[in-house]
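Each chain, written out:
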Amino acid sequence: MMKANENNFVDLIRKRREEGILYVIEAYGGLLHSIVRKRLFMAPDRIDECMNDIFLGIWRNIDSFDESRGSFINWAAGVARLEAIDTLRKIQREARMQTVSLEDVEIPQEDKEFLRLTEQELSEETKDILKCLNEKDQELFRRIFLEEEEPGEAGVALGISRENVYVRLFRGKQKIRKKIKERKRA
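As a convention, each chain's residues are numbered from 1 in the sequence order in which they are written. Residue-level local features of this predicted model are given only where pLDDT is at least 70; pairs of side-chain atoms are given and counted only at 80 or more, and the full residue set underlies all totals for whole chains, interfaces and linings. Hydrogens are left out, water is left out, and the side-chain values use all remaining heavy atoms of the structure.

**Student:** Tell me about the overall build of the protein chain, and please be specific about residues and values.
**Tutor:** Helix and strand assignments come from DSSP, with helices taken as H or I runs of at least 4 residues and strands as E runs of at least 2, each series counted from the N terminus. Helix and strand counts for the protein chain come out as eight helices and zero strands. For the protein chain, the N- to C-terminal ordering of α and β elements is α-α-α-α-α-α-α-α. We call a residue buried when its accessible area falls under 20% of the maximum for its residue type, exposed when it is over 50%, and partly exposed in between, using a 1.4 Å probe and counting protein chains only. Expressed as a percentage of its 186 residues, the buried residues of the protein chain come to 31%. By definition in these notes, contact holds between two residues if any of their heavy atoms fall within 4.5 Å. Here the analysis covers contacts within the protein chain between residues at least 6 apart in sequence; of these, 54% occur between residues at least 24 apart. Using a 1.4 Å probe, the Shrake-Rupley method yields the accessible areas, and only the shown protein chains count as cover for residues. By element, 51% of the accessible surface of the protein chain is carried by carbon and sulfur atoms, the whole surface being about 13300 Å².

This is the structure in structure tokens:
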């Protein structure tokens, strides 16, 4: 039994020897895990599944690794990034399949009051979440995400350049995520 090391693990994987992939898991697993964790931070329960898919992808596609084009770790990191993106797409597809529009649901007469109260509660929660932003950013978020106005149009209406609109949206989303995480901890 040949022991895997930095010099022979790729050849071992190509020969379908388990020691090669075990070496990759041991030597590069932490780095690959951090790449996946960075992309799947909103779905930590899917990280292990993604990691398994990465190692399987390395095992199955080792013949596409070309030493003359770059290092193994750069290639493996690319495999990890692509697999994490595929996992995100799966999550989004699953979410779309589970989402039902309120317009598509027929509501009996007696439930309309419940719907009105639910919408009011959601509206109050939205206002509460947006409180972490300044007034101009709150208005920007309302226009873009609630009224579905184009970012450029919202920027013109608020006197904000198009580039600054995207900067404000990015920073605002970060603040909102932070607030939501704090709520979950409380």
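**Student:** Can you lay out the packing of helix α3 (residues 47–61) against helix α4 (residues 72–98) for me, pointing to particular residues and giving the numbers?
**Tutor:** Where α3 meets α4, the closest approach of the two axes is 9 Å, and the angle between their N-to-C directions is 130°. Comparing the axis directions of α3 and α4 gives the class oblique. As for how α3 packs across α4, the hand of that crossing is right-handed. Across from C50, D53, I54, I58 and N61 in α3, the residues of α4 making contact are F72, W75, A76, V79, A80, E83, A84, T87 and K90. In this classification, Asp, Glu, Lys and Arg are treated as charged, Ala, Val, Leu, Ile, Met, Phe, Trp, Tyr, Cys and Pro as nonpolar, and every other residue, Gly included, as polar. Here the contact of α3 with α4 is composed, by residue class, of nine nonpolar, two polar and three charged. In this analysis an axis means a line fitted to C-alpha atoms, helices contributing only their contacting stretch, and an angle means the value between N-to-C directions, from 0 to 180 degrees. If an angle is under 35 degrees, it is roughly parallel; if it is over 145, roughly antiparallel; if it lies from 65 to 115, roughly perpendicular; otherwise it is oblique. Crossing handedness is defined as follows: a turn of the near helix away from the far one that is anticlockwise and smaller than a right angle gives a left-handed crossing, while the clockwise case is right-handed.

**Student:** Please give an account of the packing of aromatic side chains that cites residues and values.
**Tutor:** Any two rings among Phe, Tyr and Trp, with Trp reduced to its six-membered ring, count as a pair given centres within 6.5 Å; such a pair is stacked if its planes are under 30 degrees apart, edge-to-face if over 60, and tilted if neither. Counted by the stated rule, this structure contains eight aromatic pairs. Pairing Y23 with Y28 gives two aromatic rings, centres 6.5 Å apart and planes at 80°, and the pair type is edge-to-face. The same class applies to Y23 and to Y28, which are both buried. Among the aromatic side chains, those forming a connected cluster through ring pairs are F9, Y23, Y28, F65, F72 and W75. For the cation-ring pair, R16 lies above W59, with the distance from its terminal atom to the ring centre recorded as 5.2 Å. Our definition puts a charge over a ring when NZ of Lys or CZ of Arg is within 6 Å of the ring centre and also within 35 degrees of the ring normal.

**Student:** Give me the lowdown on the environment of N134, citing residues and values where you can.
**Tutor:** Tracing the backbone shows N134 in the loop between α5 (112–130) and α6 (135–146). Along the sequence, N134 and G172 sit 38 residues apart, while their C-alpha atoms lie 9.2 Å from each other. A distance of 2.7 Å separates the side chain of N134 from the backbone nitrogen of D137, its partner in a polar contact. In protein, a polar contact means a hydrogen-donor-capable atom and an acceptor-capable atom, both N or O and within 3.5 Å, with residues adjacent in sequence counting only if both atoms are side-chain atoms; elsewhere, any N or O pair within 3.5 Å suffices.

**Student:** Can you break down a positive patch on the surface residue by residue, with the values?
**Tutor:** A contiguous patch of positive charge on the surface is contributed by K173, R177, K181, K184 and R185. Here K184 is to be found in helix α8 (residues 162–185). Taking the relative accessible area as the measure of exposure, K184 reaches 69% and is therefore exposed. Patches here are clusters of residues that have more than 30% relative accessible area and form no salt bridge, with a 9 Å joining cutoff for like charges and a 5 Å cutoff for nonpolar side chains (Val, Leu, Ile, Met, Phe, Trp, Tyr). Salt bridge, as used here: a side-chain nitrogen of Lys or Arg that lies within 4 Å of a carboxyl oxygen of Asp or Glu. Lys and Arg are tallied as positive, Asp and Glu as negative. Neither His nor the chain termini are counted. In plain terms, the charge of a residue is placed at NZ if it is Lys, CZ if Arg, CG if Asp and CD if Glu.

**Student:** So what's going on with the side chain of T87? Which residues, and what values?
**Tutor:** When you line up the elements, T87 lands in helix α4. Using a relative accessible area of 2% as the deciding quantity, one classes T87 as buried. In this structure, T87 is in contact with L40, R46 and C50, ignoring residues within four places of it in sequence.

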